[in-house]
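What follows is each chain in one-letter form.
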Amino acid sequence: MHPRKNASAMRMVGAQLACFRRAAGYTQRRLAERVCADPETIASIEQGRRVLKPDLAREMDVVLDTKGALTVAVENMPEVDRYPLWAEKYMDEERVAIALSFYANQVLPGLLQNEEYARAVFRSRVPAYSEDEITLQVEARLDRQAILHRKEPPSLSFVISEAIVRDRLGGDAVYREMLRHLRECAELPGLALQIMPLGRTSHASLDGAFILLETPDHQHLAYTETQRGSHFVADPGDVSILAQRYAMLRTQALNTEDTKGLLDRLLGD
């Protein structure tokens, strides 16, 4: 199916949900409370920026007395409309996490990307996305960044390779805006940004990028990224290994003040 129709299908399901919600006399916040979801999740679904998952559709059918209409709509959406299950699960956990730690070696973590950089990332994809799909992906990525500005934001730590801040993805103009945005992010309260310098003789994570996550009930999880997809790591022993690697990465990287100094120098070049 053409990507424009994919986006339209998500918007159609979102419009149906909004119509059913209003007819039942619910606000987005009240509906979110009834189904134990975040109000932003409801808003994103209604705006067609986030897919409605089957379990949530079934619950909303009961609450809104829609005779299974939302479940049928979701079941008949093209498979390509749905985010991979691992991505959905991760984003659900990310939204409510109390602590997140990122190691990135190739591209800025999504939470640190500004719009034009994110667009350049998706335009680099092989095989290529259509412009409609790129727009959809960029909007979804920027939507995730709401957690940076929560009333009580999570504790955030980023260790990123110096290669990322030297690579001119998208061209010179996009590069400079990325650096400026990253420098602003480095000043956010509760956010620690460290750059792993090039030229090191040892490195604690040659296996690639990963994320550590702590849930509100203090469960520790990890998330690893590969060429062919990504997955959660819940086994305590495996999570511990990644946590040890992250602790070592932080000692090998520039500290936060030296990181800001490097960004300032790059902006001055």
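Residues numbered from 1 in each chain as written. Predicted model: local features only at pLDDT ≥ 70, side-chain atom pairs only at ≥ 80, totals over all residues. Heavy atoms only, no water.

## Points about the layout of surface pockets
In step 1: Reported here for the second largest pocket is a volume of approximately 280 Å³.
In step 2: Lining of the second largest pocket is provided by 14 residues; of these, Cys-36, Ala-37, Asp-38, Thr-41 and Asp-92 occupy positions nearest its centre.
In step 3: Within the residue set of the lining of the second largest pocket, elements represented by two or more residues are helix 4 (54–64) and helix 6 (85–96).
In step 4: Looking at the lining of the second largest pocket residue by residue, the class counts come to six nonpolar, one polar and seven charged. (1 Å grid on protein atoms, 1.4 Å probe; cavity = no way out; pocket = protein on both sides within 12 Å on 5 of 7 lines; lining within 4 Å. Points joined across faces, edges and corners; volume = space filled by probe spheres on them. Helix = DSSP H or I, 4+ residues; strand = E, 2+ residues; numbered from the N terminus. Nonpolar A, V, L, I, M, F, W, Y, C, P; charged D, E, K, R; others polar.)

## What about the nonpolar core?
In step 1: Membership of the largest hydrophobic core comes to 37 residues, with the highest contact counts inside it found for Tyr-90, Leu-100, Phe-158, Ile-160, Leu-182 and Leu-193.
In step 2: Among the elements that take part in this core, helix 10 (residues 172–185) stands out by supplying six residues, more than any other.
In step 3: The next biggest cluster of nonpolar side chains, apart from the first, holds 22 residues, and it includes Ala-9, Met-60, Val-63 and Ala-73. (Core = buried A, V, L, I, M, F, W, Y, C linked by side-chain atoms within 4.5 Å. Buried < 20%, exposed > 50% of the residue type's maximum accessible area, 1.4 Å probe, protein only.)

## Considering helix 4
Given 3.6 residues to a turn, an α-helix orients residues that are three or four positions apart in the same direction.
In step 1: For helix 4, the complete set of buried residues consists of Leu-56, Ala-57, Met-60, Asp-61, Val-63 and Leu-64. Here the buried residues of helix 4 occupy an arc of 170° about the axis, which is enough to place them on one side.
In step 2: Just beyond helix 4, the residue with positive phi is Asp-65, at close to 55°. (Arc of directions from axis to C-beta.)

## A word on the pairing of strand 3 (residues 191–196)
In step 1: Across the six residues of strand 3, six count as buried, placing the element largely inside the fold.
In step 2: Side chains Leu-191, Leu-193 and Ile-195 project from strand 3 onto one buried face, and the interleaved Ala-192, Gln-194 and Met-196 project onto a second face that is buried too.
In step 3: Here six bridges tie strand 2 (residues 155–161) to strand 3, and the two strands are oriented parallel to one another. Paired with Ser-157 across the strands is Ala-192, a residue of strand 3. (Pairing = 2+ DSSP bridges.)

## A closer look at the packing of aromatic side chains
In step 1: Inspection of the entire model under this criterion finds seven aromatic pairs.
In step 2: Here Tyr-90 and Tyr-223 contribute two aromatic rings whose centre-to-centre distance is 4.4 Å and whose plane-to-plane angle is 25°, an arrangement assigned as stacked. Here Tyr-90 is found in helix 6, whereas its partner Tyr-223 is found in strand 5 (residues 220–226), with 133 residues between them in sequence. Each member of the pair, Tyr-90 together with Tyr-223, is buried.
In step 3: Note on Phe-210 and Tyr-246: the rings are 6.2 Å apart at their centroids and 80° apart in plane angle, and the pair reads as edge-to-face. Of this pair, Phe-210 sits in strand 4 (residues 210–214) while Tyr-246 sits in helix 11 (residues 236–252), and the two are 36 residues apart along the sequence. Grouping residues by exposure puts Phe-210 and Tyr-246 together as buried.
In step 4: Taken together through their ring pairs, the aromatic side chains of Tyr-90, Tyr-223 and Phe-232 make up a single cluster.
In step 5: Directly above the aromatic system of Tyr-129 lies the positively charged group of Arg-125, at a separation of 4.1 Å from the ring centroid. (Phe/Tyr/Trp six-rings, centres within 6.5 Å; stacked < 30°, edge-to-face > 60°. Lys NZ or Arg CZ within 6 Å of the ring centre and 35° of its normal.)

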